[in-house]
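Structural characterization, general
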Amino acid sequence: MRVGVLTGGGDCPGLNAVIRAAVRKGIQQHGDEFVGFLEGWRGVLDNNTMPLTLETTSGILHLGGTILRTSRTNVRKIEGGLDACMKTFKANKLDALIAIGGDDTQSVSNALIEKGLQVVGVPKTIDNDLSGTDACFGFDTAVSIATEAVDRLHSTAESHNRVIVCEVMGRDAGWIAITTGIAGGADAILVPEKPIDLDHVCKLITHRREHGKKFSIVVVAEGAKLPSGGNATYGDKVDSFGHARLSGIGQALADAIEEKTGYETRSVNLGHTQRGGTPTAYDRMLATRYGAAAIDLVHAGNFGRLVVLRGTQITNIPLADAIAKTRTVDEGLLELAASLEPKV
Ligand code: F6P
C-alpha cells in the first residue's frame, strides 16, 4: 500500500518514534511505500513531501521534535482547503493516511474522513488531554522535565527563603501541573479544573513558615484561572484553531502571593523546555506501540479510527469520539493532591 504520514500541532517528544515504527513495520512486513507530508496539514495543502524509507527513518528514535516538522494549519478555515487535500492524496496515489496529532489535527482528519479519505489517527500531546486514551506520548517526558525543574527550584528557593511559583503547560487541563506538583512535592498545586483560591494558597505558605519551613514551591498550570477570573495570555492573538497563547499566570500569582504574605516570591515559566529534547523510555515505547498499531489498522482496512491506550493494552476508538471533548484531571488526583496539604 502507499501510505501518507503527517505530524500536526505542537511538537511532542516521541513523534519520531511513531513515524519510525509505522514505516519499519509497513515496509518490512507489508512492502508498503510511505510519503511524509512536511509541516502537518500545510504540507498536504502544498503537496510538500519527503520520502519515508528505512534509511530516512533510521537513527531518529531518540530524537525530540519531528523529522516531518509541524504546523498549526487549520485546513477547514481555508477556502477549498479540504478539496485541495483530497487532490494531493490522489496525486500521490495514496491508499491511506496516518495523521499523528492532537484534537486540532484530528478535527481536520475527521473532516477529510467525512469526504471519504482513509485515515488512521495517532493521539499526540504533552497535555495528555485527549479523550478516549489513558495516555498520550510526550506527557511523561514533559512531566519528567518539569519535575526535575521543581527539584532544582527547591534548593534555590530554600537558600533564599523564597516562594517560587513554577508555571507549566497543559492548556485547559491540569495533567502536567498535578502530576509534576505531586511528584515534585509542591506546597500548592493549581489547575484549570479548580478556580484559584488565593487566600488558601497564602494560608498554606504561611502555615509552612510557622512550622519551620523557610521556602515554598507552587506549581501552576498555564490554564489556571486568575483570581480576577479569566486566563493569563500573551497578547490577544489566537491561532487558526482559536487558541490564545496562555502565559503569565505564574508571574501574576507570584505578585499576588508576595503582596498578600510579604514573602519574597519569584516565578519561573518552564514553557517550551517541556516539549523539547529526547523522549523518555516510556514515551518511546508508547509511541512505538502506537505507530505499529496504526499501520496494523491501515492493513486491516479499519479507517476513521484512533489508536489509544486503555489500561496497558493498545486498542482503537472512532476518531470522532476523541475530539468531542477535552479530558480534564480526574477527581481522584485532585483528592490525592488535597490530601497531601496540611489542614489550615
Ligand atoms: O498543546 C501543547 C502545548 O504545548 C500547550 O501546552 C501550550 O499551551 C501550547 O501547546 C503552546 O503552543 P505554541 O508552541 O504554539 O506556543
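Residues numbered from 1 in each chain as written. Predicted model: local features only at pLDDT ≥ 70, side-chain atom pairs only at ≥ 80, totals over all residues. Heavy atoms only, no water.

Concerning the pairing of strand β3 (residues 49–52)
For a regular strand, side chains alternate in direction, first toward one face of the sheet and then toward the other. Burial along β3 is one-sided: Met-50 and Leu-52 are buried, and none of Thr-49 and Pro-51, which face the opposite way, are. Here strand β2 (residues 33–37) runs beside β3; their pairing, made up of four bridges, is antiparallel. Looking at the pairing, Phe-37 lines up with Thr-49 of β3. (Buried < 20%, exposed > 50% of the residue type's maximum accessible area, 1.4 Å probe, protein only. Helix = DSSP H or I, 4+ residues; strand = E, 2+ residues; numbered from the N terminus. Pairing = 2+ DSSP bridges.)

Topic: the pattern of salt bridges
Throughout the structure, instances matching the rule amount to 13 salt bridges. Here Arg-152 makes a salt bridge to Glu-148, at a shortest N to O gap of 2.6 Å. Separated by four residues within a single helix, Arg-152 and Glu-148 lie in helix α5 (residues 139–159), roughly one turn from each other. In this structure Glu-148 comes out as partly exposed when scored by relative accessible area, which is 40%. Several salt bridges share partner residues, and in doing so they unite Glu-39, Arg-42 and Arg-69 into one network. (Salt bridge = Lys/Arg side-chain N within 4 Å of Asp/Glu carboxyl O.)

Some remarks on the domain arrangement of the chain
Once the domains are mapped, the chain shows domain 1 (2–137 + 277–322) and domain 2 (142–274). Averaged C-alpha coordinates put domain 1 and domain 2 at centres separated by 33 Å. The interface of domain 1 with domain 2 comprises 13 residues on the first partner and 13 residues on the second. In total, about 1,100 Å² of surface goes out of reach between domain 1 and domain 2, with carbon and sulfur atoms giving 55% of it. Sorting the residues of domain 1 by area buried against domain 2 places Arg-72, Ile-126 and Asp-127 first, and these three jointly supply 45% of that buried surface. In this assembly, domain 1 and domain 2 are joined by one salt bridge. Salt-bridge contacts for Asp-239 lead to Arg-72; the nearest nitrogen and oxygen are separated by 4.0 Å. In this assembly, domain 1 and domain 2 are joined by five residue pairs in polar contact (both at pLDDT 80 or more). Residues that form the side of domain 1 that touches domain 2 fall into these classes: two nonpolar, five polar and six charged. (Domains from an automatic or database assignment. Contact = heavy atoms within 4.5 Å. Buried area = accessible area lost by both parts, 1.4 Å probe. Polar contact = N/O pair within 3.5 Å; in protein donor to acceptor, adjacent residues only side chain to side chain. Nonpolar A, V, L, I, M, F, W, Y, C, P; charged D, E, K, R; others polar.)

Quick notes on the sheet that holds strand β6 (residues 163–168)
With parallel pairing, the four strands of this open sheet are ordered in space as β7-β8-β6-β11. The open sheet is flanked by β7 (188–190) and β11 (265–269), the only strands paired with a single partner. Strand after strand, the sheet turns through a mean of 15° between neighbouring axes, direction not considered. Across six bridges, β6 lies against strand β8 (residues 216–221) in parallel orientation. (Axes fitted to C-alpha atoms, helices over the stretch in contact; angles between N-to-C directions.)

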